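# Breakdown of the fold
Below are the chains, spelled out letter by letter.
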Amino acid sequence: MSKPVIVSGIQPTGNLHIGNYLGAVKNWLELQKSGKYELYIFIADLHSLTGKLTAEQLREQVKITAAELLAAGIDPDKTTFFVQSQVVGHADLAWIFNCVTPMSELERMTQYKDKSEQLNKTTAGLFDYPVLQAADILIYKGEQVPVGQDQVQHVELTRDVARWFNNRYGEFFPEAKHLLTHVPKVMSLLEPEKKMSKSLGAGHVVELRETPEEIENKVKRAVTATSGGAQAPGVANLLGLLKEFGEKKVYEAFVAAEKDGSIRYGDLKKSLSDAIAKHFADFREKRAKLLKDEKKLEKILAKGAAKAQKVATANMQVVQKLVGIK
Ligand code: ADP
Ligand code: TRP
């Protein structure tokens, strides 16, 4: 029996932060470790063309993202790990999917609406972003897609795209499901009612690569309680993070202190910063080492792309026949 196929990607738009880690990357590592799945993890550089990076920045960020994912634990011997643009077929399949996808369905996408607003303009690329994502998943016949909460709508669209295609051309693509972690949405340090995101600015996120001092300074500035009443979202977020990174005993002591009103936010922040810094000590070292060895990174990515290409090519040949271009 072949293993279920799992596909996920990440844009090379910045350094990994603890939201990416807890919402997606950690799950990839657990799925990889289980050995039960055929795992495809890639760097979505074509998706990043919808943003504002210069060519130089994009090249640099792809390298950094590759080094960071490897440092976090992606093992290229167990996972097919590659850069999206190095595999021929993603964009071709997206075009075919464009021709079965109603515009009205893409107009509903909340990320498209938010990003168009942020950039103060929209492009056909931004509008079409989820169709390329569907192609990324379905070109490997992905059945499960481990992502954070904000990507669920795109995975649902992927399911619809598969159905639209299958209805028109015959059953070929599976209906992909999203896989969430138990922390699918880490909140911003400074605006805890919003998702922690690189696009909010540096003060809102904790990056995995940050030094213990940098982490401490950022967490120190995190918003905590507003006056009285129920647990403030900022406090809930910090406690949630301590639960993930800290020791159980320490976490439980802070939860109890929060309940009886004796909690000192300064202490909570110190414990949390220390726990995060410790958790990623090994990551920081590996990241630095990998970034010094560009040739090694290139080799790993080329090998991954070649492996992915075999599957992509085989599936595209069937698709081309089904639609009548072969
Ligand atoms: P960002 O919003 O910072 O640009 P990406 O869009 O590159 O992050 O997200 C990459 C992966 O990390 C996706 O699976 C996404 O759902 C997940 N993710 C991003 N931010 C968070 C967060 N704050 N909490 C949980 N998961 C997140
Ligand atoms: N849109 C995803 C994000 O911003 C990245 C992505 C691109 C992706 N293609 C994908 C995620 C395919 C899962 C599967 O995080």
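Fair warning: this is a prediction, and the values are worked out from it, not measured in the lab.

## A short note on unusual backbone geometry
A positive phi angle, close to 65 degrees, is found at Asn-120, a residue other than glycine. With respect to the helices and strands, Asn-120 occurs in the loop between helix 6 (110–119) and helix 7 (124–138). Classification of Asn-120 as exposed rests on a relative accessible area of 71%. Residue Lys-141 is not a glycine yet carries a positive backbone phi of 55 degrees. Secondary-structure assignment places Lys-141 in the loop between helix 7 and strand 4 (144–146).

## Some words on the domain arrangement of the protein chain
Segmentation of the protein chain into domains returns domain 1 (5–185 + 294–323) and domain 2 (198–283). For domain 1 versus domain 2, the distance between C-alpha centres works out to 31 Å. Residue-level contacts link 17 residues of domain 1 with 14 residues of domain 2. Both faces considered, domain 1 and domain 2 share a buried interface measuring about 1,400 Å² in area, 65% of it formed by carbon and sulfur atoms. Joining domain 1 to domain 2, the criterion identifies one salt bridge. Two residues, Glu-244 and Lys-26, come together in a salt bridge whose shortest N-O distance is 3.4 Å.

Conventions adopted
- Position numbers for residues count from 1 along each chain, tracking the sequence in the order it is written.
- Whichever chain is written first is A, and whichever ligand is written first is 1; the rest continue in order.
- Two thresholds apply to this predicted model, a pLDDT of at least 70 for residue-level local features and 80 or more for giving and counting side-chain atom pairs, whereas whole-chain, interface and lining totals are computed over all residues.
- Excluded from the side-chain calculations are hydrogens and water; all other atoms, namely the structure's heavy atoms, are used.
- In DSSP terms, a helix is any run of H or I states spanning at least four residues, a strand is any run of E spanning at least two, and both are numbered starting from the N terminus.
- Throughout this description, buried means an accessible area under 20% of the type-specific maximum (1.4 Å probe, protein chains only), exposed means over 50%, and partly exposed covers the range between.
- Boundaries between domains were set according to an automatic or database domain assignment.
- Between two residues, a contact is recorded if the distance between any of their heavy atoms is within 4.5 Å.
- Throughout, buried area stands for the accessible area (probe radius 1.4 Å) lost by two parts on being put together, summed over both.
- For this document, the term salt bridge refers to a Lys or Arg side-chain nitrogen within 4 Å of an Asp or Glu carboxyl oxygen.

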